[in-house]
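# Commentary on secondary and tertiary structure
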Amino acid sequence: MFVGTVMRKIKSRTWKKQRYFRLQEDCMTIWYKSKKAGNAHSTFHLLEGLESLAATHLPESFFPLNAISRWICDWFKKADKNRDGQMNFKEVRNLLKMMNVDMNEHHALRLFTMADKSQSGTLEDDEFVLFYKMLTQREDVLRVFQEYSSDGQKLMLQDLKDFLREEQLHEDGVQQYALKLIERYEPSDTAKMLQAMTFDGFLMYLSSSEGSIFNPNMVDLYQDMTQPLCHYFISSSHNTYLLEDQIRGHSSVEGYIRALKRGCRCVEVDCWDGPNGEPIVYHGHTFTSKIFFKDVVTVLGNYAFKASQYPVILSIENHCSVEQQKVMAQHLTQILGDKLLKSPLDGKIPIGLPSPEDLKGKILLKGKKIGGLENCMNGVVDDPLMGEVSDEEDTKSKQRLSKELSDCVVYCKSVHFSSFKHSQIHSKFYEISSFTESKTRKHIREAGSEFVLHNARQLSRVYPSGLRTDSSNFNPQDMWNAGCQIVALNFQTAGVEMDLNDGLFSQNGHCGYILKPTFMRNTDERFDPENPQNRDGYKPLSLSVQVISGQQLPKVNIKEGSIIDPLVRVEIHGVPLDQAKQETRYIDNNGFNPVWHDTLQFTIHVPELALVRFVVEDYDKTSKNDFVGQFTLPFICIQPGYRHIHLLSKDGTSIPPSSLFVHYIRGQSQLQRDTEAGQ
């Protein structure tokens, strides 16, 4: 429209003439050549006559010019309370919130100044339209829009259907879906009447959850929740009471509240004898502060099922005397009431672990137990256990276990791990062993497939090395590759490890349980994470990501006038064969709308276990790049086609409206094609 084009001018139902039109810089005025004597050209305002024309029956070829401008001006008038036709930056910012338009304040202020042609410190209605257009201008999306638009102005229903089939790979019910998108995202009533989508509606769709890279069908609960507990990865926290480091850090019930609100389903307490017969929680033999065990239990009762109805496992490291163990059992029973599971669900001797669905609303205690579950069900009571009441390797306390606390343990009896062969012969389904991160890696290297098989039968817990006094984390992906369910991380420490944890558990309703792939649940299969190509049904996939552009990336340097030089890194986390990363080039001094159009390609050998992490950094040639934002999701949850990635901060919170725009293609890998061709 800025270049100009020939269109038909309509004054009435009978007066229709061909004219040459061109949109002026204010985005509100149209210039056109007139054939009237002595009048070489004329102009008119876009809003003139639209109301009356929209009320008439229009042919499909008709489409009002830039109808979005009318919509913007209507909003401007609503927000202009004193009717002076002007708005300062604060008023404009509030108006954009009313319009549900996200903005980065730093970028918005710069555009506000550019749009303020009169340099009055305020915007009039036409200046606001210009400001809005600059704020939402997306040449990258416009290019895609025009590729599928029959006339460059709009997507008719067939155009939109073609886009959805060819790019977004929608297959079933495409017409109904296209109509739903028009109804949901198209701002122009006239376009809706024509079953068409304007560019603004197209942009709104691509910026929505339906245009996100994360498949919305996998955000909500979608997995089978009736499998045995050991068939799920379980979101798990280590030393949940700590908010900082492991030596002098502050202990607080806030750690439990934060973890549980985040969807964590396994929390940990280190219990020690406290004053006046009250057990306390802290990291023993350190300078960390202390909190009362009963306060932790109270918080657990209040917050356990705020984020998810599926069971919470309370992992107890017990260093208390028998007397204070009885107090612990009393607090658990009295405070938690029916929420605490104290006996098998059906009252019979179970033959396998129950499912998350069976255990909804229940809190399970993980700890040492006197005798087996069968003995307790038969009324046989052994003598109080003399042995290690803690199952972490750096703890060697040996003392008696109270029957009252033992009776609170049902499906998660802590036992020492001897060997996979011993476990296969002697272990019970309700027994769980804990492994240090280093021992876990050793087992994976030496007997990966046996470890996977072990985890198909019973639960395993992995916890950080005692040397991680700074509360740093190990890479949880290594442990998930072996089917370990309870991979305990320091939730208080942000970084790539927690990004991966958040990414894995961001699917399935954020419920804290993710069903393991079939080949990790079936005891008849042999899967070795070190040699995945040997498994049945091995089909590697290719991943091609064109990183097109970024939008309103946050400023990372508070220094006045500094602008980031962004680059994007795409990381694949999975089995060792899949670990890979590639980067785009960096763009000089542009955090507002950097454009790359760089394509990165990967081969994924075990897509069921792979996570994809998109990272934006501020390039620095003299020092380490600064973190800008990231987004991590399971490979299986990626939607193909043109998609937006809504970035998260270092601690996993959203930073709207910062995003990336990408084109994603998934298919058979060259390796798979070569294999099939050779058969």
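Nothing here was measured: the structure is a model prediction, and the numbers come from that model. Every chain's residues receive numbers from 1 upward, in the order its sequence appears when written. Confidence filtering applies because this is a predicted model: local features only for residues at pLDDT of at least 70, side-chain atom pairs given and counted only at 80 or more, and all residues used for totals across whole chains, interfaces and linings. The side-chain figures draw on all heavy atoms in the structure; neither hydrogens nor water molecules are used.

### Here we look at the packing of helix α4 (residues 105-115) against helix α5 (residues 125-136)
Definition in use: Here an axis means a line fitted to C-alpha atoms, over the contact stretch when the element is a helix, while the angle between two N-to-C directions is reported on a 0 to 180 degree scale. For the purposes of this entry, the term helix denotes a DSSP run of H or I that reaches at least four residues, the term strand denotes a run of E that reaches at least two, and both are numbered from the N terminus. Under this scheme an angle from 65 to 115 degrees is roughly perpendicular, one under 35 degrees roughly parallel, and one over 145 degrees roughly antiparallel; angles in between are oblique. Here a crossing is taken to be left-handed if its near helix is turned anticlockwise relative to the far helix by less than a right angle, and right-handed if that turn runs clockwise. Only heavy atoms matter for contacts: two residues are in contact if any of them lie within 4.5 Å across the pair. Residue polarity is assigned by list, with Asp, Glu, Lys and Arg as charged and Ala, Val, Leu, Ile, Met, Phe, Trp, Tyr, Cys and Pro as nonpolar; anything else, Gly included, falls into the polar class.
Running from amino to carboxyl end, α4 crosses α5 at an angle of 140°, the nearest separation of the two axes being 9 Å. Classified by the angle between their axes, α4 and α5 sit oblique to one another. Handedness of the α4/α5 crossing: right-handed. The segment α4 lies against α5, with Ala108, Leu111, Phe112, Met114 and Ala115 engaging Glu127, Leu130, Phe131, Met134 and Leu135. Residue classes in the contact of α4 with α5 are distributed as nine nonpolar, no polar and one charged.

### Let's talk about the environment of Ile316
With respect to the element layout, Ile316 can be found in strand β11 (residues 312-318). Discounting chain neighbours no more than four positions away, the residues touching Ile316 are Val269, Cys271, Phe293, Met328, Leu332, Leu365 and Lys366.

### Comments concerning α5
The criterion, for reference: Multiply 1.5 Å by the residue count of a helix minus one, and that product is the helix's expected span. Only protein chains enter the calculation, and the probe is 1.4 Å; a residue is then buried if its accessible area is under 20% of its type maximum, exposed if over 50%, and partly exposed in between.
Its 12 residues place the ends of α5 16 Å apart at the C-alpha level, agreeing with the 16 Å of an ideal helix rising 1.5 Å per residue. For α5, the buried fraction is high: 10 of the 12 residues fall into the buried class. Within α5, burial applies to Glu127, Phe128, Val129, Leu130, Phe131, Tyr132, Lys133, Met134, Leu135 and Thr136.

### Digging into the packing of aromatic side chains
Two descriptors summarise a pair of aromatic rings, namely the distance from one centre to the other and the angle between the planes of the rings. Quick reminder of the rule: Centres within 6.5 Å make a pair out of two Phe, Tyr or Trp rings, where for Trp the six-membered ring is used; the pair is then stacked when the planes are under 30 degrees apart, edge-to-face when over 60, and tilted otherwise. Here, a charge over a ring means that NZ of Lys or CZ of Arg falls within 6 Å of the ring centre while also lying within 35 degrees of the ring normal.
Applying the stated criterion to the full structure yields 23 aromatic pairs. Where Phe163 meets Phe202, the ring centres are 5.1 Å apart and the plane angle is 75°; that geometry is what we call edge-to-face. Pair noted here: Phe163 is in helix α7 (residues 157-166) and Phe202 is in helix α10 (residues 199-207), with a separation of 39 residues, a long-range link. Among the aromatic residues, ring-to-ring pairing joins Phe145, Tyr148, Phe163, Tyr185, Phe199, Phe202, Tyr205, Tyr642 and Phe661 into one connected group. Positioned above the aromatic ring of Phe592, the side-chain terminus of Arg110 is 5.6 Å from the ring centre. The residue whose ring lies beneath Lys290 is Tyr282, and the NZ or CZ to ring-centre distance is 4.4 Å.

### Topic: empty space enclosed by the protein
Stated formally: Both cavities and pockets are sets of points on a 1 Å grid over the protein atoms alone; in a cavity a 1.4 Å probe fits but cannot get out, in a pocket the set is open with protein on both sides within 12 Å along at least five of seven lines, and lining residues sit with an atom within 4 Å of a point. Grid points are joined across faces, edges and corners, and a volume is the space filled by probe spheres set on the points.
Following the criterion strictly, the structure yields two cavities of 30 Å³ or more and no others. Contributing elements (two or more residues each) for the lining of the largest cavity: β11 and β12 (363-367). Among the elements that make up the lining of the largest cavity, the one with the highest residue count is β12 (three residues). A per-class count over the lining of the largest cavity returns six nonpolar, two polar and two charged. Volume-wise, the second largest cavity comes out at about 40 Å³. The leading source of residues in the lining of the second largest cavity is helix α17 (residues 437-457), at four residues. Class assignment of the residues belonging to the lining of the second largest cavity gives a composition of six nonpolar, two polar and two charged.

### What about unusual backbone geometry?
The omega torsion of the bond from Pro656 to Pro657 falls at 5°, within 30 degrees of zero and hence cis. Structurally, the position occupied by Pro657 is in strand β27 (residues 654-668). You will see that Leu169, though not glycine, has its phi angle at about 55°, which is positive. Examined against the element boundaries, Leu169 turns out to sit in the loop between α7 and α8 (174-185). With a phi angle near 50°, His510 is a residue other than glycine that sits in the positive phi range. Along the chain, the position of His510 falls in the loop between α19 (496-504) and β19 (513-515). Classification of His510 by relative accessible area gives partly exposed; the value is 41%.

### Comments concerning the pattern of salt bridges
Opposite charge on two side chains lets them pair, provided their charged atoms get close. Note the cut-off: Salt bridges, as used here, are contacts in which a Lys or Arg side-chain nitrogen is within 4 Å of a carboxyl oxygen on Asp or Glu.
Under the definition given, this model contains 21 salt bridges. We note a salt bridge from Glu210 to Lys180, for which the minimum N-O separation is 3.4 Å. Here Glu210, found in the loop between α10 and β7 (232-237), pairs with Lys180, found in helix α8; they are 30 residues apart in sequence, far enough to count as distant. Judged by its relative accessible area of 35%, Lys180 falls in the partly exposed class. Measuring nitrogen to oxygen at the nearest pair gives 2.9 Å for the salt bridge that ties Glu571 to Arg569. Relative accessible area serves as the criterion here: at 10%, Arg569 is assigned to the buried category. It is possible to trace a salt-bridge network through shared partners that takes in Asp499, Arg569, Glu571, Glu583, Arg613 and Glu617.

### Brief notes about the side chain of Ser251
What counts, and what does not: Nitrogen and oxygen atoms within 3.5 Å of one another constitute a polar contact, given that in protein one can donate a hydrogen and the other can accept it, and given that sequence-neighbouring residues count only through two side-chain atoms.
With respect to the secondary-structure elements, Ser251 resides in the loop between β7 and α11 (254-261). Judged by its relative accessible area of 2%, Ser251 is buried. From its side chain, Ser251 meets the backbone oxygen of Ser289 in a polar contact 2.5 Å long. Each residue touching Ser251, except ones within four places of it in the same chain, is listed here: Tyr241, Leu242, Tyr282, Thr288, Ser289, Lys290 and Ile291.

### A word on the packing of α11 against helix α12 (residues 293-303)
Here α11 crosses α12 at 25°, and the two axes come no closer than 9 Å. On the basis of the axis angle, α11 is roughly parallel to α12. Along this stretch, α11 crosses α12, giving a crossing that reads as right-handed. On the side of α11, the interface is formed by Tyr256, Ile257, Leu260 and Lys261, while α12 contributes Val296, Val299, Leu300 and Tyr303. Residues belonging to the contact of α11 with α12 are distributed by class as follows: seven nonpolar, no polar and one charged.

### Considerations on the environment of Ile564
Topologically, Ile564 is positioned in the loop between β20 (541-551) and β21 (566-573). The class of Ile564 is buried, set by a relative accessible area of 4%. Ile564 sits 56 residues away from Asp620 along the chain, and the two C-alpha atoms are 9.2 Å apart. Not counting residues up to four positions away in its chain, the partners in contact with Ile564 are Leu553, Pro554, Val556, Ile587, Asn589, Asn590, Gly591, Asp618 and Val628.

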